Amino acid sequence: MAALDGLPPLRDVIQRHGLDARKALGQNFLLDLNLTQKVARTAGSLEGSTVFEVGPGPGGLTRAILALGARKVIAVERDPRCLPALAEISDHYPGKLEVLGGDALKTDFEALAPAGPIKIIANLPYNVGTQLLVNWLLPKEWPPFWESLTLMFQKEVGERIVAEPGEDHYGRLGVLCGWRTDARMAFDISPQAFTPPPKVTSTVVHLTPKESPIPCAVANLEKVTQAAFGQRRKMLRQSLKPLGGENLLNKAGIDPQRRAETLSVEEFCLLANSL
């Protein structure tokens, strides 16, 4: 990649700008440019697309996205130490990289989205990754402003995203992702690929929006999943007692003796619509 884009190796960039990864910011820098290219390729063709990136750090993934032909990258970075390193990439790709300083959790991505296809590709900081995903799954309109999400998480989170009913990792996140997207785990990345190495394996997850998810009020679905999985070892007639218990279950045509992890996404939507 260094030969491909003519920019210095990432280790040199980090050393020159004093970019030690900070635990408080959930930073783990991915320095292998072959791997950053693999992450970017998972999103499919980037030609003509605008890409949102969160937490670019020294810009390894940013470089891969731009080298693979993205029309523009809009990156949100809250660590001001990284801005000079990203400015070097911006100079190398004039007009193709816009860096916004600030907190991604407070960023209105939909309002920033230009016309044309939008993809979100990010090595998400571990401490905010799940909440960012949920925010992107719950925009004001559906289909959403984004065409696909290609995101790196701790492997355990990735397993929760793609989990099916009856599996150990199936829970609220699996229901929400299964309701509105088709999600798959693309590949794992070992801790040794990062600086500093995290204590867990990471995984890249690719999500595409379902054109017509089951009609369902988000607030009701969140209430039902929170109650059901909040006491997942109990029968639904007990865990859903605050929401109507057996009356609610009978209305939805669901056996009150079942447990949360056995219900399909469709059945959770039935429950939400019966509230």
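Residues numbered from 1 in each chain as written. Predicted model: local features only at pLDDT ≥ 70, side-chain atom pairs only at ≥ 80, totals over all residues. Heavy atoms only, no water.

A. Inspection of the sheet that holds strand β9 (residues 202–209) at higher detail. The 7 strands are arranged β4-β3-β2-β5-β6-β9-β7 in an open sheet whose pairing can be described as mixed. Strand pairing shows two members of the sheet lacking a second neighbour, β4 (97–101) and β7 (181–189), which therefore form its edges. Neighbour-to-neighbour, the strand axes of the sheet open up by a mean angle of 20 degrees, direction not taken into account. The pairing of strand β5 (residues 118–123) with strand β6 (residues 148–154) spans 5 bridges and is parallel. Within β6, the position partnered with I120 by the bridge is L149. Along the sheet, helix α7 (residues 129–137) contacts β2 (50–54), β5, β6, β7 and β9; its crossing angle with β6, the most-contacted strand, is approximately 160 degrees. This element, helix α9 (residues 172–180), spans β7 and β9 of the sheet and lies at about 120 degrees to β7. (Pairing = 2+ DSSP bridges. Helix = DSSP H or I, 4+ residues; strand = E, 2+ residues; numbered from the N terminus. Axes fitted to C-alpha atoms, helices over the stretch in contact; angles between N-to-C directions. Contact = heavy atoms within 4.5 Å.)

B. Summary view of the pattern of salt bridges. Under the defined criterion, the tally for this structure stands at 10 salt bridges. We note a salt bridge from R63 to D5, for which the minimum N-O separation is 2.9 Å. Note that R63 is positioned in helix α4 (residues 60–67) and D5 in helix α1 (residues 2–5), a separation of 58 residues in sequence. On the basis of relative accessible area, R63 is assigned to the buried category, the value being 2%. Its salt-bridge partner being D79, residue R81 comes within 2.8 Å of it at the nearest N-O pair. The same class applies to R81 as to D79, namely buried. Through salt bridges with shared partners, a single ionic network connects D20, R22, D79 and R81. (Salt bridge = Lys/Arg side-chain N within 4 Å of Asp/Glu carboxyl O. Buried < 20%, exposed > 50% of the residue type's maximum accessible area, 1.4 Å probe, protein only.)

C. Inspection of the packing of aromatic side chains at higher detail. This structure, assessed with the given rule, holds 6 aromatic pairs. Note on F52 and F109: the rings are 5.3 Å apart at their centroids and 85 degrees apart in plane angle, and the pair reads as edge-to-face. Taken together, the residues F52 in strand β2 and F109 in helix α6 (residues 109–112) connect sequence positions 57 residues apart. What makes F52 buried here is its relative accessible area of 0%. Relative accessible area serves as the criterion here: at 4%, F109 is assigned to the buried category. Measuring from centroid to centroid gives 6.4 Å for F52 and F145, while their planes differ by 80 degrees, and the two rings are edge-to-face. Note that F52 is positioned in strand β2 and F145 in the loop between α7 and β6, a separation of 93 residues in sequence. Like F52, the residue F145 is buried in the burial classification. Site record: aromatic cluster; members linked through ring pairs are F52, F109, W136 and F145. (Phe/Tyr/Trp six-rings, centres within 6.5 Å; stacked < 30°, edge-to-face > 60°.)

D. Broad picture of helix α8 (residues 155–162). What α8 keeps buried is the set V157, G158 and I161. In an axial view of α8, the angular spread of the buried residues amounts to 100 degrees, which keeps them on one side of the axis. (Arc of directions from axis to C-beta.)

E. Seen up close, unusual backbone geometry. Cis geometry marks the peptide bond from W142 to P143; its omega dihedral reads 5 degrees. Within the fold, P143 resides in the loop between α7 and β6. In this structure, P196 follows T195 across a cis peptide bond, with omega equal to -10 degrees.

F. Seen up close, the side chain of T181. Within the secondary structure, T181 is located in strand β7. At 2.7 Å, the side chain of T181 forms a polar contact with the backbone oxygen of C177. Beyond its immediate chain neighbours, meaning those up to four positions away, T181 contacts L137, W142, W146, L207, T208, P209 and K210. (Polar contact = N/O pair within 3.5 Å; in protein donor to acceptor, adjacent residues only side chain to side chain.)

G. Summary view of the nonpolar core. In this structure, F109, L133, W136, L151, I161, F268 and L271 are the most contacted members of the largest nonpolar core, which totals 52 residues. With near-sequence residues (within four places) excluded, L271 lies in contact with V224, L240, L248, L249, A252, I254 and L263. Grouped together as the second largest cluster of nonpolar side chains are 35 residues, L35, V39, A43 and V204 included. (Core = buried A, V, L, I, M, F, W, Y, C linked by side-chain atoms within 4.5 Å.)

Just geometry here; none of it tells us what the structure is for.
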